[in-house]
Amino acid sequence: MIRVLAKPVSVIVIVSLITVTFGLSRGEAAMVGTEMLLRSAKHQQAAARIEEFLNRHEVQAALVSQGVDPEEARARVGSLSDAEVERMAGIVDSLPAGGDAIGAIIGGALLVFFVLLITDILGLTHVFPFVNHGRR
Amino acid sequence: MGLRRLGYLPLLLGLSLLGCAGVGSRGTLGPSAERGADRRIDSVPFFAQAEHQCGPAALAMALNWSGVAVKPEELLATVYTPARQGSLQHALVAATRRHGRLAYPITGIDPLLAETSAGHPVIVLQNLGLPWFPRWHYAVVVGYDLPAQVIILHTGKTPYHPLPLRTFMNTWARSEYWGLLVLPPDALPAQAEEDELLAALLGLEKTGQWEGAAKGYQSLLRRWPGNLTAGIGLGNSYHAQGRLADAESVFRRAAKLHPGSGAPLNNLAQVLWEQGRADEALAAAKRAVSLGGPLVNVYRQTLEEIQAALSGGMEAR
(Lines give C-alpha, C1' and ligand atoms only; values in the text may rest on other atoms or scores of the structure.)
Protein backbone atom coordinates (compact mmCIF):
# COMPACT_ATOMS: atom_id res chain seq x y z
CA MET A 1 0.00 0.00 0.00
CA ILE A 2 2.74 2.40 0.97
CA ARG A 3 4.78 1.42 -2.06
CA VAL A 4 1.78 2.09 -4.32
CA LEU A 5 1.20 5.50 -2.78
CA ALA A 6 4.85 6.41 -2.52
CA LYS A 7 5.43 7.04 -6.22
CA PRO A 8 2.81 9.75 -6.93
CA VAL A 9 3.47 11.30 -3.56
CA SER A 10 7.18 11.35 -4.32
CA VAL A 11 6.67 13.23 -7.56
CA ILE A 12 4.71 15.92 -5.77
CA VAL A 13 7.36 16.00 -3.10
CA ILE A 14 10.20 16.33 -5.63
CA VAL A 15 8.49 19.22 -7.36
CA SER A 16 7.82 21.03 -4.11
CA LEU A 17 11.33 20.32 -2.88
CA ILE A 18 12.86 21.80 -5.98
CA THR A 19 10.63 24.85 -5.63
CA VAL A 20 11.59 25.22 -2.00
CA THR A 21 15.28 24.69 -2.73
CA PHE A 22 15.46 27.32 -5.40
CA GLY A 23 13.10 29.62 -3.56
CA LEU A 24 15.37 29.60 -0.55
CA SER A 25 18.54 30.16 -2.47
CA ARG A 26 17.78 33.85 -2.87
CA GLY A 27 18.81 35.89 0.09
CA GLU A 28 19.33 32.94 2.42
CA ALA A 29 22.58 32.49 4.21
CA ALA A 30 24.98 30.57 1.97
CA MET A 31 26.84 28.82 4.73
CA VAL A 32 28.67 25.60 4.11
CA GLY A 33 26.83 23.20 6.41
CA THR A 34 28.77 20.61 8.34
CA GLU A 35 26.92 17.76 6.64
CA MET A 36 27.40 19.42 3.23
CA LEU A 37 31.14 19.49 3.84
CA LEU A 38 31.17 15.87 4.99
CA ARG A 39 29.56 14.61 1.84
CA SER A 40 30.96 17.18 -0.61
CA ALA A 41 33.57 14.76 -1.83
CA LYS A 42 31.05 12.04 -2.58
CA HIS A 43 27.91 13.39 -4.19
CA GLN A 44 26.54 15.93 -6.55
CA GLN A 45 24.79 18.35 -4.26
CA ALA A 46 21.40 18.61 -5.96
CA ALA A 47 21.05 14.90 -6.58
CA ALA A 48 22.05 14.11 -3.01
CA ARG A 49 19.49 16.54 -1.69
CA ILE A 50 16.59 15.03 -3.57
CA GLU A 51 17.65 11.51 -2.69
CA GLU A 52 17.95 12.49 0.94
CA PHE A 53 14.50 14.05 0.92
CA LEU A 54 12.93 10.95 -0.62
CA ASN A 55 14.64 8.68 1.90
CA ARG A 56 13.39 10.79 4.77
CA HIS A 57 9.90 10.82 3.37
CA GLU A 58 9.86 7.07 2.95
CA VAL A 59 11.22 6.26 6.40
CA GLN A 60 8.79 8.70 7.97
CA ALA A 61 5.85 7.14 6.13
CA ALA A 62 6.94 3.68 7.22
CA LEU A 63 7.02 4.77 10.86
CA VAL A 64 3.58 6.35 10.57
CA SER A 65 2.22 3.14 9.07
CA GLN A 66 3.53 1.36 12.15
CA GLY A 67 1.47 3.51 14.45
CA VAL A 68 3.86 6.37 15.23
CA ASP A 69 2.23 9.79 15.36
CA PRO A 70 3.12 11.75 12.17
CA GLU A 71 4.64 14.71 14.04
CA GLU A 72 6.64 12.34 16.20
CA ALA A 73 7.82 10.38 13.16
CA ARG A 74 9.04 13.62 11.63
CA ALA A 75 10.94 14.54 14.78
CA ARG A 76 12.58 11.11 14.95
CA VAL A 77 13.71 11.17 11.35
CA GLY A 78 14.75 14.81 11.72
CA SER A 79 17.27 13.82 14.39
CA LEU A 80 19.09 11.48 12.03
CA SER A 81 21.83 12.30 9.57
CA ASP A 82 21.42 11.68 5.84
CA ALA A 83 23.68 8.65 6.06
CA GLU A 84 21.64 7.16 8.89
CA VAL A 85 18.36 7.69 7.07
CA GLU A 86 19.85 6.18 3.94
CA ARG A 87 20.73 3.02 5.83
CA MET A 88 17.12 2.70 7.07
CA ALA A 89 15.35 3.45 3.80
CA GLY A 90 13.45 0.50 2.41
CA ILE A 91 14.02 -1.78 5.38
CA VAL A 92 12.08 -0.16 8.23
CA ASP A 93 9.64 -3.07 8.30
CA SER A 94 12.39 -5.58 8.84
CA LEU A 95 14.46 -3.68 11.41
CA PRO A 96 14.47 -5.30 14.83
CA ALA A 97 12.25 -3.67 17.43
CA GLY A 98 13.42 -4.44 20.94
CA GLY A 99 10.48 -5.04 23.21
CA ASP A 100 10.56 -8.33 25.01
CA ALA A 101 12.42 -9.47 28.00
CA ILE A 102 10.39 -11.58 30.28
CA GLY A 103 9.83 -14.57 28.13
CA ALA A 104 6.32 -15.77 28.73
CA ILE A 105 5.40 -17.46 25.50
CA ILE A 106 1.66 -17.39 25.64
CA GLY A 107 -0.08 -19.74 23.27
CA GLY A 108 3.21 -20.80 21.78
CA ALA A 109 3.51 -24.27 20.33
CA LEU A 110 4.91 -26.93 22.59
CA LEU A 111 7.67 -27.55 20.09
CA VAL A 112 8.79 -23.95 20.25
CA PHE A 113 8.75 -24.19 24.01
CA PHE A 114 10.97 -27.23 24.07
CA VAL A 115 13.36 -25.98 21.40
CA LEU A 116 13.84 -22.73 23.24
CA LEU A 117 14.12 -24.54 26.55
CA ILE A 118 16.94 -26.63 25.14
CA THR A 119 18.66 -23.69 23.46
CA ASP A 120 18.30 -21.76 26.71
CA ILE A 121 19.99 -24.54 28.60
CA LEU A 122 22.72 -24.61 25.97
CA GLY A 123 23.20 -20.89 26.44
CA LEU A 124 22.23 -20.09 22.88
CA THR A 125 19.16 -18.15 23.92
CA HIS A 126 17.91 -16.46 27.07
CA VAL A 127 14.13 -16.58 26.86
CA PHE A 128 13.21 -18.18 30.16
CA PRO A 129 14.35 -16.52 33.34
CA PHE A 130 13.96 -19.83 35.23
CA VAL A 131 16.68 -21.52 33.20
CA ASN A 132 19.79 -21.38 35.29
CA HIS A 133 22.73 -20.86 33.00
CA GLY A 134 25.41 -23.18 34.23
CA ARG A 135 29.05 -22.38 34.15
CA ARG A 136 29.91 -23.00 30.52
CA MET B 1 42.55 -4.65 18.13
CA GLY B 2 45.21 -7.23 17.43
CA LEU B 3 45.17 -10.73 16.06
CA ARG B 4 43.23 -11.87 19.07
CA ARG B 5 40.17 -9.93 18.12
CA LEU B 6 40.40 -10.85 14.47
CA GLY B 7 40.61 -14.48 15.37
CA TYR B 8 37.91 -14.45 17.97
CA LEU B 9 34.94 -12.76 16.33
CA PRO B 10 34.73 -14.99 13.26
CA LEU B 11 34.87 -17.96 15.60
CA LEU B 12 31.89 -16.64 17.54
CA LEU B 13 30.05 -15.71 14.39
CA GLY B 14 30.68 -19.16 13.05
CA LEU B 15 29.39 -20.73 16.23
CA SER B 16 26.24 -18.67 16.24
CA LEU B 17 25.56 -19.50 12.61
CA LEU B 18 25.91 -23.17 13.36
CA GLY B 19 22.94 -22.86 15.68
CA CYS B 20 22.49 -25.81 17.97
CA ALA B 21 25.27 -27.84 16.47
CA GLY B 22 28.46 -28.11 18.39
CA VAL B 23 28.39 -25.00 20.48
CA GLY B 24 31.47 -24.72 22.53
CA SER B 25 33.09 -22.01 24.55
CA ARG B 26 36.55 -22.34 23.15
CA GLY B 27 37.37 -18.65 23.25
CA THR B 28 37.55 -17.06 26.64
CA LEU B 29 38.25 -13.40 27.14
CA GLY B 30 40.88 -12.10 29.44
CA PRO B 31 41.94 -8.71 30.74
CA SER B 32 44.08 -6.48 28.53
CA ALA B 33 45.56 -3.01 28.39
CA GLU B 34 42.13 -1.57 27.61
CA ARG B 35 40.28 -3.35 30.37
CA GLY B 36 40.71 -4.70 33.83
CA ALA B 37 39.68 -8.19 34.91
CA ASP B 38 36.35 -6.99 36.25
CA ARG B 39 34.28 -3.86 36.57
CA ARG B 40 30.93 -2.89 37.95
CA ILE B 41 29.49 0.58 37.32
CA ASP B 42 27.43 1.53 40.34
CA SER B 43 26.18 4.89 39.11
CA VAL B 44 23.58 3.59 36.64
CA PRO B 45 20.08 3.76 38.16
CA PHE B 46 17.86 0.77 37.44
CA PHE B 47 14.35 0.99 36.01
CA ALA B 48 12.31 -2.19 35.77
CA GLN B 49 10.69 -2.41 32.37
CA ALA B 50 6.97 -2.58 31.68
CA GLU B 51 5.80 -5.11 29.08
CA HIS B 52 7.38 -4.52 25.66
CA GLN B 53 9.12 -1.45 27.01
CA CYS B 54 12.70 -2.44 27.45
CA GLY B 55 13.65 0.35 25.00
CA PRO B 56 12.37 3.23 27.15
CA ALA B 57 13.72 1.53 30.29
CA ALA B 58 17.22 0.96 28.87
CA LEU B 59 17.40 4.48 27.47
CA ALA B 60 16.17 6.00 30.74
CA MET B 61 18.94 4.21 32.64
CA ALA B 62 21.62 5.45 30.26
CA LEU B 63 20.22 8.99 30.11
CA ASN B 64 19.98 9.27 33.90
CA TRP B 65 23.55 8.07 34.22
CA SER B 66 24.59 10.79 31.75
CA GLY B 67 22.85 13.46 33.84
CA VAL B 68 19.37 13.70 32.28
CA ALA B 69 16.63 13.10 34.84
CA VAL B 70 13.94 11.26 32.89
CA LYS B 71 11.63 8.31 33.56
CA PRO B 72 10.91 5.46 31.12
CA GLU B 73 7.26 6.52 30.85
CA GLU B 74 8.34 9.94 29.62
CA LEU B 75 10.40 8.34 26.87
CA LEU B 76 7.64 6.04 25.66
CA ALA B 77 6.22 8.51 23.12
CA THR B 78 9.63 9.22 21.63
CA VAL B 79 10.98 5.69 21.24
CA TYR B 80 8.08 3.23 21.04
CA THR B 81 6.65 1.94 17.76
CA PRO B 82 3.16 0.62 18.55
CA ALA B 83 2.66 -1.77 15.63
CA ARG B 84 6.00 -3.41 16.35
CA GLN B 85 5.45 -3.58 20.11
CA GLY B 86 8.98 -2.42 20.56
CA SER B 87 11.56 0.28 19.93
CA LEU B 88 13.69 0.63 16.82
CA GLN B 89 17.40 1.30 17.23
CA HIS B 90 17.13 4.60 15.40
CA ALA B 91 14.43 5.80 17.76
CA LEU B 92 16.82 5.32 20.68
CA VAL B 93 19.50 7.23 18.79
CA ALA B 94 17.11 10.07 17.94
CA ALA B 95 15.72 10.28 21.48
CA THR B 96 19.24 10.40 22.92
CA ARG B 97 20.00 13.41 20.73
CA ARG B 98 16.70 15.07 21.55
CA HIS B 99 17.85 15.05 25.17
CA GLY B 100 21.08 16.77 24.19
CA ARG B 101 23.20 13.66 24.62
CA LEU B 102 25.73 12.14 22.27
CA ALA B 103 24.61 8.85 20.68
CA TYR B 104 27.74 6.92 19.82
CA PRO B 105 27.36 3.44 18.31
CA ILE B 106 29.79 0.67 19.15
CA THR B 107 30.16 -2.86 17.77
CA GLY B 108 31.86 -5.90 19.20
CA ILE B 109 33.07 -7.24 22.52
CA ASP B 110 36.41 -5.42 22.72
CA PRO B 111 34.92 -1.92 22.44
CA LEU B 112 32.10 -2.97 24.76
CA LEU B 113 34.51 -4.06 27.50
CA ALA B 114 36.75 -1.05 26.95
CA GLU B 115 33.82 1.37 27.40
CA THR B 116 32.46 -0.52 30.40
CA SER B 117 35.92 -0.55 31.91
CA ALA B 118 36.05 3.23 31.46
CA GLY B 119 32.80 3.53 33.40
CA HIS B 120 30.48 4.07 30.42
CA PRO B 121 27.31 1.93 30.44
CA VAL B 122 26.35 0.55 27.03
CA ILE B 123 22.86 -0.16 25.68
CA VAL B 124 22.89 -3.45 23.77
CA LEU B 125 20.33 -5.06 21.49
CA GLN B 126 20.01 -8.80 21.98
CA ASN B 127 17.85 -11.40 20.36
CA LEU B 128 17.05 -13.60 23.32
CA GLY B 129 15.28 -16.09 21.07
CA LEU B 130 16.34 -17.51 17.76
CA PRO B 131 16.48 -15.98 14.29
CA TRP B 132 13.16 -17.66 13.38
CA PHE B 133 11.62 -16.84 16.75
CA PRO B 134 13.04 -13.44 17.66
CA ARG B 135 12.74 -11.93 21.11
CA TRP B 136 14.45 -8.61 20.56
CA HIS B 137 15.49 -7.02 23.77
CA TYR B 138 17.43 -3.98 25.00
CA ALA B 139 19.56 -4.21 28.11
CA VAL B 140 22.26 -2.04 29.64
CA VAL B 141 25.72 -3.46 30.20
CA VAL B 142 26.88 -2.16 33.59
CA GLY B 143 29.80 -4.46 34.24
CA TYR B 144 31.65 -7.67 33.58
CA ASP B 145 33.72 -10.23 35.39
CA LEU B 146 36.23 -11.94 33.14
CA PRO B 147 37.51 -14.53 35.62
CA ALA B 148 33.90 -15.66 36.05
CA GLN B 149 33.20 -15.11 32.32
CA VAL B 150 30.02 -13.09 32.91
CA ILE B 151 28.54 -9.86 31.60
CA ILE B 152 26.57 -7.84 34.13
CA LEU B 153 23.32 -6.33 32.84
CA HIS B 154 20.49 -4.12 33.98
CA THR B 155 17.85 -6.11 32.13
CA GLY B 156 14.09 -6.60 32.26
CA LYS B 157 13.18 -6.57 35.93
CA THR B 158 16.62 -7.50 37.23
CA PRO B 159 19.42 -5.11 38.13
CA TYR B 160 23.02 -6.38 37.98
CA HIS B 161 22.06 -9.63 36.30
CA PRO B 162 25.17 -11.78 35.68
CA LEU B 163 24.81 -13.49 32.30
CA PRO B 164 27.41 -16.03 31.13
CA LEU B 165 29.54 -14.40 28.50
CA ARG B 166 28.84 -17.20 26.07
CA THR B 167 25.05 -16.75 26.31
CA PHE B 168 25.46 -13.01 26.06
CA MET B 169 27.56 -13.32 22.91
CA ASN B 170 25.07 -15.74 21.34
CA THR B 171 22.17 -13.38 21.96
CA TRP B 172 24.13 -10.25 21.03
CA ALA B 173 25.54 -11.69 17.78
CA ARG B 174 22.02 -11.73 16.31
CA SER B 175 21.93 -7.92 16.30
CA GLU B 176 25.41 -7.90 14.76
CA TYR B 177 26.75 -6.79 18.12
CA TRP B 178 24.84 -3.52 18.20
CA GLY B 179 25.67 -1.26 21.12
CA LEU B 180 24.99 2.38 21.93
CA LEU B 181 26.83 4.79 24.21
CA VAL B 182 24.83 7.68 25.66
CA LEU B 183 27.29 10.35 26.73
CA PRO B 184 27.31 13.99 27.81
CA PRO B 185 28.08 15.91 24.61
CA ASP B 186 31.58 16.98 25.65
CA ALA B 187 32.63 13.50 26.80
CA LEU B 188 34.73 11.29 24.57
CA PRO B 189 34.18 7.54 24.27
CA ALA B 190 37.09 5.52 25.67
CA GLN B 191 37.89 4.38 22.14
CA ALA B 192 36.73 7.44 20.23
CA GLU B 193 37.21 7.38 16.49
CA GLU B 194 37.37 10.65 14.62
CA ASP B 195 34.80 9.92 11.91
CA GLU B 196 32.36 8.14 14.21
CA LEU B 197 32.51 11.05 16.62
CA LEU B 198 31.89 13.53 13.81
CA ALA B 199 28.86 11.54 12.70
CA ALA B 200 27.54 11.50 16.27
CA LEU B 201 28.00 15.26 16.63
CA LEU B 202 26.36 15.86 13.30
CA GLY B 203 23.33 14.08 14.77
CA LEU B 204 23.19 16.65 17.58
CA GLU B 205 23.32 19.40 14.96
CA LYS B 206 20.47 17.82 13.00
CA THR B 207 18.42 17.82 16.19
CA GLY B 208 19.11 21.51 16.75
CA GLN B 209 21.13 20.84 19.91
CA TRP B 210 23.62 23.54 19.03
CA GLU B 211 25.01 24.06 22.50
CA GLY B 212 25.79 20.37 22.93
CA ALA B 213 27.15 20.15 19.41
CA ALA B 214 29.51 23.08 20.07
CA LYS B 215 30.81 21.45 23.25
CA GLY B 216 31.32 18.17 21.42
CA TYR B 217 33.19 19.79 18.54
CA GLN B 218 35.44 21.52 21.07
CA SER B 219 36.27 18.16 22.66
CA LEU B 220 36.94 16.65 19.25
CA LEU B 221 39.23 19.54 18.31
CA ARG B 222 41.17 19.19 21.54
CA ARG B 223 41.92 15.60 20.54
CA TRP B 224 42.25 16.18 16.77
CA PRO B 225 43.09 19.88 16.31
CA GLY B 226 43.49 19.53 12.54
CA ASN B 227 39.96 18.34 11.80
CA LEU B 228 38.43 20.75 9.28
CA THR B 229 34.88 19.40 9.50
CA ALA B 230 34.85 19.84 13.27
CA GLY B 231 36.11 23.40 12.83
CA ILE B 232 33.29 24.16 10.44
CA GLY B 233 30.85 22.37 12.74
CA LEU B 234 31.94 24.41 15.75
CA GLY B 235 31.67 27.69 13.84
CA ASN B 236 28.27 26.71 12.46
CA SER B 237 27.05 25.75 15.92
CA TYR B 238 28.06 29.17 17.26
CA HIS B 239 26.48 30.85 14.25
CA ALA B 240 23.22 28.97 14.83
CA GLN B 241 23.20 30.28 18.41
CA GLY B 242 23.78 33.84 17.21
CA ARG B 243 27.29 33.89 18.67
CA LEU B 244 28.72 35.65 15.64
CA ALA B 245 31.98 36.86 17.18
CA ASP B 246 32.79 33.35 18.41
CA ALA B 247 31.89 31.89 15.02
CA GLU B 248 34.13 34.46 13.35
CA SER B 249 37.18 33.57 15.41
CA VAL B 250 36.61 29.83 14.86
CA PHE B 251 36.32 30.26 11.08
CA ARG B 252 39.42 32.47 11.04
CA ARG B 253 41.41 29.86 12.90
CA ALA B 254 40.16 27.12 10.54
CA ALA B 255 41.01 29.23 7.49
CA LYS B 256 44.54 29.71 8.78
CA LEU B 257 44.91 26.01 9.56
CA HIS B 258 43.49 24.91 6.19
CA PRO B 259 44.72 27.48 3.69
CA GLY B 260 43.68 25.28 0.76
CA SER B 261 39.99 25.07 1.72
CA GLY B 262 37.40 27.68 0.80
CA ALA B 263 34.79 26.46 3.27
CA PRO B 264 36.01 28.35 6.36
CA LEU B 265 36.45 31.52 4.28
CA ASN B 266 32.97 31.21 2.83
CA ASN B 267 31.42 30.87 6.25
CA LEU B 268 33.65 33.63 7.60
CA ALA B 269 32.35 35.88 4.80
CA GLN B 270 28.79 35.14 5.79
CA VAL B 271 29.43 35.80 9.47
CA LEU B 272 31.26 39.05 8.70
CA TRP B 273 28.42 40.13 6.44
CA GLU B 274 25.89 39.46 9.16
CA GLN B 275 27.97 41.66 11.46
CA GLY B 276 27.78 44.49 8.94
CA ARG B 277 31.42 44.29 7.89
CA ALA B 278 30.80 44.38 4.13
CA ASP B 279 34.35 45.02 2.90
CA GLU B 280 35.91 42.23 4.93
CA ALA B 281 33.07 39.89 3.93
CA LEU B 282 33.59 40.66 0.27
CA ALA B 283 37.33 39.99 0.52
CA ALA B 284 36.80 36.66 2.31
CA ALA B 285 34.17 35.54 -0.21
CA LYS B 286 36.47 36.36 -3.10
CA ARG B 287 39.29 34.37 -1.55
CA ALA B 288 36.95 31.40 -1.05
CA VAL B 289 35.90 31.45 -4.71
CA SER B 290 39.51 31.71 -5.86
CA LEU B 291 40.35 28.51 -3.94
CA GLY B 292 37.67 26.54 -5.80
CA GLY B 293 36.95 22.92 -4.86
CA PRO B 294 33.80 20.80 -4.91
CA LEU B 295 31.74 23.42 -3.06
CA VAL B 296 32.77 26.35 -5.24
CA ASN B 297 29.16 26.90 -6.28
CA VAL B 298 28.24 27.68 -2.71
CA TYR B 299 31.14 30.13 -2.42
CA ARG B 300 30.07 31.82 -5.68
CA GLN B 301 26.55 32.16 -4.36
CA THR B 302 27.84 33.83 -1.20
CA LEU B 303 29.96 36.21 -3.24
CA GLU B 304 27.13 37.05 -5.62
CA GLU B 305 24.74 37.73 -2.79
CA ILE B 306 27.16 40.09 -1.13
CA GLN B 307 27.89 41.85 -4.41
CA ALA B 308 24.20 42.09 -5.30
CA ALA B 309 23.35 43.51 -1.89
CA LEU B 310 26.15 46.06 -2.15
CA SER B 311 25.33 47.17 -5.70
CA GLY B 312 21.62 47.22 -4.93
CA GLY B 313 22.33 49.93 -2.42
CA MET B 314 21.41 47.66 0.49
CA GLU B 315 23.78 49.02 3.06
CA ALA B 316 25.08 46.58 5.54
CA ARG B 317 24.34 47.58 9.03
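Residues numbered from 1 in each chain as written. Chains lettered and ligands numbered in written order. Predicted model: local features only at pLDDT ≥ 70, side-chain atom pairs only at ≥ 80, totals over all residues. Heavy atoms only, no water.

Visitor: It is not clear to me how the overall build of chain B should be interpreted in this structure. Could you clarify?
Guide: Along the backbone of chain B there are 13 helices and nine strands. Here the contacts in chain B between residues at least 6 apart in sequence split such that 61% fall between residues at least 24 apart. Carbon together with sulfur atoms contributes 54% to the accessible area of chain B, which is approximately 12,900 Å² in total. (Helix = DSSP H or I, 4+ residues; strand = E, 2+ residues; numbered from the N terminus. Contact = heavy atoms within 4.5 Å. Areas by Shrake-Rupley, 256 points an atom, 1.4 Å probe, with all protein chains shown as cover.)

Visitor: Explanation requested: the interface of chain B and chain A in the structure shown.
Guide: The parts lose accessible area when they come together, and the size of an interface is often stated as this lost area. Taken residue by residue, the interface counts 77 residues in chain B and 58 residues in chain A. Regarding the contact of chain B and chain A, the summed buried area is about 5,400 Å², with carbon and sulfur atoms giving 62% of it. Linking chain B with chain A are four salt bridges. The closest approach of N and O atoms between Arg97(B) and Glu84(A), which form a salt bridge, is 2.8 Å. Counting residues per element, the side of chain B that touches chain A draws most heavily on helix H4 (residues 89-98) of chain B, at seven residues. Of the pairings in the sheet, the one linking strand S1 (residues 97-98) of chain A to strand S3 (residues 86-88) of chain B comprises two bridges and is antiparallel in character. (Buried area = accessible area lost by both parts, 1.4 Å probe. Salt bridge = Lys/Arg side-chain N within 4 Å of Asp/Glu carboxyl O. Pairing = 2+ DSSP bridges.)

Visitor: Please explain unusual backbone geometry as it appears in this structure.
Guide: It is generally the case that most residues other than glycine have a negative phi and that most peptide bonds are trans. All names here are of chain B. Of note in this structure, Tyr160 is not a glycine but carries a positive phi near 50°. One can find Tyr160 in strand S8 (residues 158-164). When its relative accessible area of 25% is taken as the criterion, Tyr160 is described as partly exposed. Despite not being glycine, Tyr177 has its phi angle at roughly 55°, a positive value. Mapped onto the elements, Tyr177 comes out in the loop between helix H6 (165-173) and strand S9 (178-183). (Buried < 20%, exposed > 50% of the residue type's maximum accessible area, 1.4 Å probe, protein only.)

Visitor: Is there a simple way to think about the pattern of salt bridges in this case?
Guide: Pairs can form between side chains of opposite charge once their charged atoms are near each other. Applying the stated criterion across every chain, the model contains 15 salt bridges over all chains. Put simply, Asp82(A) and Lys206(B) hold a salt bridge, and the shortest N to O gap is 3.5 Å. Taken together, the residues span two chains, with Asp82(A) in helix H5 (residues 82-88) and Lys206(B) in helix H7 (residues 194-206). For Asp82(A), a relative accessible area of 10% corresponds to the buried category. Close ionic contact of Glu248(B) with Arg252(B) constitutes a salt bridge, the shortest N to O distance being 3.1 Å. With Glu248(B) and Arg252(B) both in helix H10 (residues 244-257) and four residues apart, this pair spans about one turn of that helix. Classification of Glu248(B) by relative accessible area gives buried; the value is 10%.

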